[in-house]
Amino acid sequence: MANNNAPLLEMKNIQKSFYGNQVLNDINITLNEGDVLGLCGENGAGKTTLMKILFGMEEIAETGGYGGEICFNGEKVDFKSPFDALNAGIGMVHQEFSLIPGFTATENILLNREPLKRNVISEVFGDRLNTLNYNEMTGRAENAIEKMGFKIDPKMVIADMPVGHKQFTEIARELSKENLRLLILDEPTAVLTESEADALLQSIKSMSERGVAVIFVTHRLEEIMTVCNKVVVMRDGLVVMDTRAEDTDVKKITKAMVGRDVESVDNKSVGTDETAETIMSIKNLWVDMPGETVRNVSLDVKKGEILGIGGLAGQGKLGVPNGIMGLYEAGGTVVFKGNEIPLNSPRKCLDSNIAFVSEDRRGVGLLLDETLEWNIAFPAMQIQNKFLKKLFGGLIKWRDEKAIKEVTDKYIDELQIKCTSSKQKAKELSGGNQQKICLAKSFALEPEFLFASEPTRGIDVGAKSLVLEALRKLNKEKGVTVVVISSELEELRGVCDRIAIVSGGEVAGILPASKSSEEFGQLMVSKVI
Amino acid sequence: MKNIIEFLKKNIVPIMFIIICSICVPISGFSVTYMINEVMTRLTRNAFLILSLLIPIMAGMGLNFGMTLGAMAGEIAIVLVSDWQIWGIPAIVLACIFSIPISILLGLFCGKMLNMAKSREMVTSYIISFFMNGIYMLLMLYAMGPIIPIKHTSIKLPRGYGIRNTVSMLNNRQCIDNALAFSVGGVKIPVLTLLIIAAMCLFIIWFRKTKLGQDMRAVGQDMEVARSAGIDVEKTRIIAMVISTVMAGFGMVLYVQNLSSFSTYSSHSNVGMFAIAALLVGGASVDKASIGNVFLGVILFHTLFIVAPTVGTKITGDSMVGEYFRVFISYAVITIALIMYEIKKRQQKSNAGKLLAEAQNKEEQ
Amino acid sequence: MKERIKNIIAEFGISRLIIVGFILFMFALAPVSGNKISTLLSNVANRFAWNGLLVLSMVPMIHSGCGLNFGLPLEIEAGLLGVTIAIEMGFTGNEAFLAALTIATPFAILFGTLYGFLLNKIKGGEMMIATYVGFSAVSLMCIGWVMLPFKNPVIVWGYTGKGLRTMISIENYYYEVLSGFLRFKLFGVTIPTGAILFFALIAFGIWAFLHTKTGTAMTAVGSNPTFAKAAGINIDRIRMLSVILSTWIAAIGIINYQQGFGYVQLYTAPYSMAMPAVAAILLGGASVNKASISNVIIGTILYQAIVTTTPNVINSLINLDISDVIRIIVSNGVILFALTRKIEEPKK
């Protein structure tokens, strides 16, 4: 069965597209027993999709499957579900914990694989009435923890554990699987303290000595240099670097990650006018936005500029606008045009003429079940009393359907929104057109200051350039200060004057958009936690 | 000190009840023997029913308002057994056996429905109990007689079909309670019933240690994680409902043999509400309940139940006030428990923000 | 053409088509069973006039995302307090009706505020808690009806002189004050014009309210609370307003119900008022977070048609009185159906 001469894993010509959008192009990766592969790349480079394909996640099949061929252990495989992958000996530790909070480490390590004891009742009613063999469970869990090389208390309940120990519990769970041949770790050190991260690297080494191959996805390049013997860098769905670790260094990897032909960037910005007054000053901002925690951000925004906020996913760049706009609990001070804006109150921000285009279109940005008219007119109606007819001397503020239709039609025209009529429901539009509605909604407020959070996420190329163009136009023609938050550095470099990079919940640095990608790349990984 | 406050906070409902009871019992003027006797009777009558609520809570399905379905199954079985003129312990055993298929059917229905209404389990199971009550009435009022033969006039309505408002099991009166029973200082100890309840408790303790029990706990805490570990979430939840319903059916049979009669069209609803209220009085919450909660709850809740009418009369001079008061208490306890559960869920979310602010302060210092 | 018919059917809902078909079938059977169709229709018209407002009281809370208002019994208590106090104060005849409405209003605002405050604390768990808040309120008021110092012999038990009666006849008060107003017969169908106009008036008020700025905000809060929050809406305040509005409509709704029904029912009667109202609005095509005035009208008519016509017809045909059972099965079946539908959550 097992062919000892063949490599453990061969991924050949892997291709994948989502809705006609090519995200993986001809990926080839080979891995031998005991290899530790460091996989890195910017967000959206395709790492996660590649790992999902390898692990047989259902969403791949649901979106049309993939092209190419995967050989594991010398055999061609096509995993229909993660369970197939698990059975073949592939384990994966995801970024989000997959643990039962009220269970002990032991119970979690052996979840649904508990050793059982037969009894009389189970003979009659079936195997699920076998009792758990607690001694055996403890033994196996301890064994797995031993293998991992980092001591965690097998009897401790997950809810009481420090975050790092939860991560180790997950790793121990994969290690407790006897047939484990390949372990995928998706940013495992993100939640670990320094000493824990060292311990993890140590345990990766010992796994590799035992012949388990590891794919290590991380933004921490030093870690890759410490523990990996192979490095693969992806960018835009392509493998741009595939080499042995000793042949490269952190600098080269960074360059490969972000390095593009710098000249091709079409930056129309004239640069920030350094003498311009500061319109918004953010000091010591913290925001409790799950997955995008902001720890300590201080930042000044100049009047009339387009400021970009970039950074890797999960580092807190999205938390900045969401916190200021009061959607997530926040603390610190924000001064706008000389007045302090109270946090945790969306109304106060909107009253000061600050508008926000949320990255979460469906969740925050739109009333999916209502008409386009409602979506576009609603905030302006509520905040600025627009589109209302005053009856009985202002006693009753009646919705002015005609004015609402007019403004909606105006933006449908201006932003080239494809819809059947202004009465169409927002949920029936495509992603790009929904995004344009979100823009129209904030334009209708005629703001002085606009946060646009991931304005181009998940929309097609045509819509993308239209959205960016609209933002630029707003800035140039109406003098609106715009802050664009995006994961795509190149996009920011195309549209912004200055770009602040958020890393580890803090501002790692602010550079003019004309600086090289490499410099931005170094800032992005500088404070990663 | 902090621990004490924490303890008080967690057990506020039982503590409140202990205080209310310790005020009301002396006012009622009942003798100690009488009280112990009454509480013992009610304990043996209700404990089994309340125990049937534990498994759905374990599986994360909240308070099973659908337990009335099991009670209905038990009642149907009792009606049939009574009509066949079977008496004594065999009648009880037969009724239990007969309730099983009906309970399983109802449990399957309820489980399937609840799988379609995840995160709204409680309100859905509550509506199911009402809906099934309609079907049950249809069966008892119109199908019993013409479709399902009923011979005995003591059970049948005078009009010739349908079941009377109260069905009496006088001939089976406390036949289990009296078996092996003895008396200590005027307090009757129904040994066999207690043994059955003890066996039930042991079953639950054992069940928690089985693979199925472990799966239910996993599903109850996090459905998605359980699913990704390969546990069949839907099936596990349905099994939890079926077990609960079957147990409630047995519980109802035990309940009726103790009371020796039941009101055909309302017993099951009352039984369901009082069982849930008692469990919550014992300190259980929507997501956590233990056998200890069952017994503490049954004792406290029914102590109050026994004394409420008398105390009400003594204080207000009106006999109805006490009656209304105990209904109010049952509803209020359930309301408070539900509110506390929701508030707790929201509090957990807001804690993270405080931690962040603290962390920044520390850094600055 | 086929497409269009399909669309119309889909919009109306297959389940509702079945129910309409069933009702038509019952009406077709009516002559066979010896019932006059005109009597049956009069019945439906009458019941619609009694119940319309109670069903309408669901609308504001559904709009603001508080879900189906199972707490209706609590709100009804406000109306009952209004009536009993008005009678106690000695109002008679039609004045008593106006007095009851007036006195009920502050109670409705008070109850609504408390109830709204509670519901804001437990967002997401409204329906179950509302049910039990309603029940707790009814059982607490049961004690209240016994203990409160009412004296008027019309409403107090005759032999003890204290504690309110369970049923109070309003024959000499405001019986049919609205239903009798401008009543006329059309093809033998009696139309209680006054009561329908009263319903229309309040319904118009709600419709108009939903077209104002605040009303628009209310709909948005129910449609997507996060969107509303991001647009600077104070969600808690809007929800509170919707609850108070619901409470007030329910309070006057029960008084309107009494003027048609002829009795004030105290004590445990409000327990069973929530389910029919919830079922009716769902039957009219509302969902857990969307409802319109037309849902109320269609729903109330359909629901009342089922629960009044079916038992009548069946009773005459096979001599079986199953009105209660039908009511229970239909109302809870409809609610169950609505609860087990997949609702697209605005946010995970």
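Counting starts from 1 at the beginning of each chain's written sequence and moves along it residue by residue. The naming scheme follows written order: chains are lettered A onward, ligands numbered 1 onward. In keeping with the predicted nature of the model, local features appear solely for residues at pLDDT of at least 70, side-chain atom pairs appear and are counted solely at 80 or more, and the whole-chain, interface and lining totals rest on all residues. Heavy atoms throughout the structure, all of them, feed into the side-chain values; hydrogens and water do not.

Go over the overall build of chain B, please, and point to the residues and values.
When you go through chain B residue by residue, the secondary structure sums to 15 helices and four strands. Within these notes, the globule rule equals 2.2 Å times the number of residues to the 0.38 power, and the radius of gyration is based on C-alpha atoms. Its C-alpha atoms give chain B a radius of gyration of 22 Å, within 12% of the compact-globule value 21 Å for 365 residues. Exposure categories follow from relative accessible area, calculated using a 1.4 Å probe and restricted to protein chains: below 20% of the type maximum is buried, above 50% is exposed, and the middle band is partly exposed. By the burial criterion, 56% of the 365 residues in chain B qualify as buried. Any two residues whose heavy atoms approach within 4.5 Å at even a single point are treated as in contact. Residue pairs at least 24 apart in sequence account for 74% of intrachain contacts in chain B once pairs closer than 6 positions are excluded. For the accessible areas, the method is Shrake-Rupley and the probe is 1.4 Å, while residue cover comes only from the protein chains on display. Total accessible area computed for chain B in this model is approximately 15000 Å², and 67% of it derives from carbon and sulfur atoms. Only runs of H or I of at least four residues qualify as helices and only runs of E of at least two qualify as strands under DSSP, and these elements are numbered from the N terminus.

Kindly report on the sheet that holds strand S12 (residues 238-244) of chain A, identifying the contributing residues and their values.
Residues and elements named next belong to chain A. Strands pair, by our definition, only if DSSP identifies at least two bridges between them. Spatially, the six strands line up as an open sheet ordered S6-S9-S10-S3-S11-S12, and their pairing is mixed. In this open sheet, the two edge strands, each paired with only one partner strand, are strand S6 (90-93) and S12. Going across the sheet, the axis of each strand differs from the next one's by a mean of 15°, ignoring polarity. Where strand S3 (residues 36-41) and strand S10 (residues 213-217) come together, four bridges link them in parallel fashion. If you follow leucine 39 over to S10, its bridge partner there is valine 217. Angles shown run from 0 to 180 degrees and are taken between the N-to-C directions of axes, each axis being a line fitted to C-alpha atoms and, for helices, limited to the stretch in contact.

Give me the lowdown on helix H5 (residues 67-83) of chain B, citing residues and values where you can.
All names here are of chain B. Expected span, for any helix, means 1.5 Å times one less than how many residues it has. Taking 1.5 Å of rise per residue, the 17 residues of H5 would be expected to cover 24 Å, and the 25 Å separating its terminal C-alpha atoms lies within 8% of that figure. The buried fraction of H5 amounts to 17 of the 17 residues, a majority that puts the element mostly inside the structure. Positive backbone phi, at 60°, marks glutamine 85, one or two positions downstream of H5.

With reference to specific residues and values, describe the pairing of strand S20 (residues 396-399) of chain A.
The side chains of a regular strand alternate between the sheet's two faces. Residues and elements named next belong to chain A. Bridge count between strand S19 (residues 388-391) and S20: four bridges; the pairing is antiparallel. Pairing of leucine 388 across the sheet is with arginine 399, part of S20. Where S19 folds back onto S20 in an antiparallel hairpin, the turn is made up of four residues, including phenylalanine 392, whose phi is positive at roughly 50°.

Summarise unusual backbone geometry; cite the residues concerned and give the values.
Positioned with a positive phi, asparagine 13 of chain A is a non-glycine residue whose angle comes to about 50°. Overall, asparagine 13 of chain A belongs to the partly exposed group, its relative accessible area being 40%.

Please set out the interface of chain C and chain A residue by residue, giving values where relevant.
Counting residues at the interface gives 23 residues for chain C and 31 residues for chain A. Where chain C abuts chain A, roughly 2300 Å² becomes buried across the two surfaces, and 61% of that area is made up of carbon and sulfur atoms. What counts as buried area is the accessible surface, traced by a 1.4 Å probe, that two parts surrender upon association, with contributions from both included. Ranking the residues of chain C by area buried against chain A places His211, Lys213 and Phe227 of chain C at the top, with a combined share of 30%. What makes a salt bridge here is a side-chain nitrogen of Lys or Arg within 4 Å of a carboxyl oxygen of Asp or Glu, nothing more. Remark: the boundary between chain C and chain A carries one salt bridge. Of the charged contacts, one joins glutamate 370 of chain A and lysine 290 of chain C as a salt bridge, the two residues approaching to 2.7 Å between their closest N and O atoms. In the analysis that follows, any N or O atom pair within 3.5 Å is treated as a polar contact, provided that within protein one partner can donate a hydrogen and the other can accept it, and provided that, for residues neighboring in sequence, both atoms belong to side chains. The interface formed by chain C and chain A includes eleven residue pairs in polar contact (both at pLDDT 80 or more). Residue assignment for the side of chain C that touches chain A shows that the elements contributing at least two residues are helix H8 (193-209), helix H9 (213-223) and helix H10 (225-230) of chain C. Considering every element that reaches the side of chain C that touches chain A, the biggest residue donor is H9 of chain C, with six residues. Classifying every residue of the side of chain C that touches chain A by side-chain character gives ten nonpolar, eight polar and five charged. Only Asp, Glu, Lys and Arg are considered charged, only Ala, Val, Leu, Ile, Met, Phe, Trp, Tyr, Cys and Pro nonpolar, and every remaining residue, Gly among them, polar.

Hey, could you go over the sheet that holds strand S4 (residues 67-72) of chain A for me, with residue numbers and the actual values?
Strand pairs in the sheet, formed through backbone hydrogen bonds, run parallel or antiparallel to each other. Residue and element names in this part refer to chain A. Taken in spatial order, the four strands of this open sheet run S2-S1-S4-S5, and their pairing is antiparallel. Both outer strands of the open sheet, strand S2 (21-31) and strand S5 (75-77), are each paired with one neighbouring strand and no more. Adjacent strand axes in the sheet meet at a mean angle of 30°, parallel and antiparallel pairs treated alike. The strands touched by helix H1 (residues 47-54) within the sheet are strand S1 (9-18), S2 and S4, with S1 carrying the most contacts at an inclination of about 115°.

Residues and numbers for the pattern of salt bridges, please.
This structure, assessed with the given rule, holds 32 salt bridges over all chains. Taking the shortest distance from any N to any O, the salt bridge between glutamate 401 of chain A and arginine 399 of chain A comes out at 3.1 Å. Residue arginine 227 of chain B pairs with glutamate 234 of chain B through a salt bridge whose shortest N-O separation is 3.1 Å. A residue is classified by how much of its surface remains accessible, and arginine 227 of chain B, at 30% relative accessible area, is partly exposed.

I'd like a rundown of the packing of helix H2 (residues 12-28) of chain B against helix H14 (residues 291-316) of chain B, residues and numbers included.
All names here are of chain B. In contact at an axis separation of 8 Å, H2 and H14 are set at 40° when each is read in the N-to-C sense. When the axes of H2 and H14 are compared, the pair comes out oblique. Crossing angle aside, the handedness with which H2 passes H14 is left-handed. For the pair H2 and H14, the contacting residues are Pro14, Phe17, Ile18, Ile20, Cys21, Cys24, Val25, Ile27 and Ser28 in the first and Leu296, Leu300, Phe301, Thr303, Leu304, Val307, Thr310, Val311 and Lys314 in the second. Of the residues contributing to the contact of H2 with H14, the split by class is 14 nonpolar, three polar and one charged. In what follows, roughly perpendicular refers to angles from 65 to 115 degrees, roughly parallel to angles under 35, roughly antiparallel to angles over 145, and oblique to any angle outside these ranges. Here is the rule for handedness: rotate from the far helix to the near one, and if that takes an anticlockwise turn smaller than a right angle the crossing is left-handed, while a clockwise turn gives right-handed.

Quick one: what's the story with helix H5 (residues 72-88) of chain C, residue by residue and with numbers?
Since one α-helical turn is 3.6 residues long, residues separated by three or four positions face the same way. Residue and element names in this part refer to chain C. Here H5 spans 24 Å end to end across 17 residues, near enough to the 24 Å set by a 1.5 Å rise per residue. For H5, the buried fraction is high: 15 of the 17 residues fall into the buried class. Among the residues trailing H5, glycine 90 stands out with phi positive, at a value near 95°.

Describe the interface of chain C and chain B, naming the residues involved and giving the relevant values.
Every contact between the two is made by 42 residues of chain C and, on the other side, 37 residues of chain B. For the pair chain C and chain B, the summed buried surface comes to about 3600 Å²; carbon and sulfur atoms form 76% of the total. Counting the surface chain C buries against chain B, the share from its top three residues, Met128, Tyr132 and Leu336 of chain C, is 18%. Counting the contacts that link chain C with chain B gives zero salt bridges. The interface formed by chain C and chain B includes three residue pairs in polar contact (both at pLDDT 80 or more). Secondary-structure elements contributing two or more residues to the side of chain C that touches chain B are helix H6 (93-121), helix H7 (126-147) and helix H14 (323-339) of chain C. With 14 residues, the single largest contributor to the side of chain C that touches chain B is H7 of chain C.

Please set out the packing of aromatic side chains residue by residue, giving values where relevant.
For this analysis, a ring pair means two rings from Phe, Tyr or Trp (six-membered ring only for Trp) whose centres lie within 6.5 Å, classed as stacked if their planes differ by under 30 degrees, edge-to-face if by over 60, and tilted for the remaining angles. One pass over the structure, following the stated rule, counts 34 aromatic pairs over all chains. Consider the rings of tyrosine 126 of chain B and phenylalanine 135 of chain C, whose centres lie 6.4 Å apart with planes at 50°: the pair is tilted. With tyrosine 126 of chain B in helix H7 (residues 121-143) and phenylalanine 135 of chain C in helix H7, the pair connects residues from two separate chains. Summarising the aromatic geometry, the rings of phenylalanine 135 of chain C and tyrosine 271 of chain C are spaced 5.3 Å apart at their centres and angled 85° between planes, so their arrangement reads as edge-to-face. With phenylalanine 135 of chain C in helix H7 and tyrosine 271 of chain C in the loop between strand S4 (263-265) and helix H12 (274-283), this pair connects stretches of sequence that are 136 residues apart. An identical accessibility class is assigned to phenylalanine 135 of chain C and tyrosine 271 of chain C; each is buried.

Describe a nonpolar patch on the surface, with residues and values.
All names here are of chain A. Put simply, a patch holds well-exposed residues, over 30% relative accessible area, that have no salt bridge, with like charges counted together within 9 Å and Val, Leu, Ile, Met, Phe, Trp or Tyr side chains within 5 Å. A contiguous nonpolar patch, built from Val120, Ile121, Val124 and Phe125 and spanning about 450 Å² of accessible area, is present on the exposed surface. If you trace the backbone, valine 124 turns up in helix H5 (residues 120-125). For valine 124, a relative accessible area of 62% translates into the label exposed.

Run through the packing of H6 of chain C against helix H11 (residues 235-261) of chain C, naming residues and quoting values.
All names here are of chain C. The contact between H6 and H11 brings their axes to 7 Å, and the two run at 145°. The two elements H6 and H11 cross, and the hand of that crossing is right-handed. Taken together, the residues of the contact of H6 with H11 sort by class into 17 nonpolar, seven polar and two charged.

Report on the side chain of serine 246 of chain C, specifying residues and quantitative values.
Residues and elements named next belong to chain C. With respect to the helices and strands, serine 246 occurs in helix H11. Within the structure, serine 246 has its side chain in polar contact with the backbone nitrogen of methionine 61 (distance 3.5 Å). Sequence-distant contacts of serine 246, defined by excluding residues within four places in its chain, comprise Ser57, Pro60, Met61 and Glu75.

Hey, could you go over the nonpolar core for me, with residue numbers and the actual values?
Note that soluble globular proteins tend to have their nonpolar side chains buried in a common cluster. In this structure, Leu51 of chain B together with Leu56, Phe70 and Tyr174 of chain C are the most contacted members of the largest nonpolar core, which totals 237 residues. If one sorts the elements of this core by residue count, H7 of chain C sits on top with 14 residues. Leaving out residues up to four positions away in the same chain, tyrosine 174 of chain C has contacts with Val83, Gly93, Asn94, Ala96, Phe97, Ile255, Gln258, Gln259 and Val264 of chain C. We call a set of buried Ala, Val, Leu, Ile, Met, Phe, Trp, Tyr and Cys residues a nonpolar core when their side-chain atoms join them within 4.5 Å. Residues Ala377, Tyr411, Phe449 and Ile501 of chain A belong to the second largest nonpolar core, which totals 89 residues.

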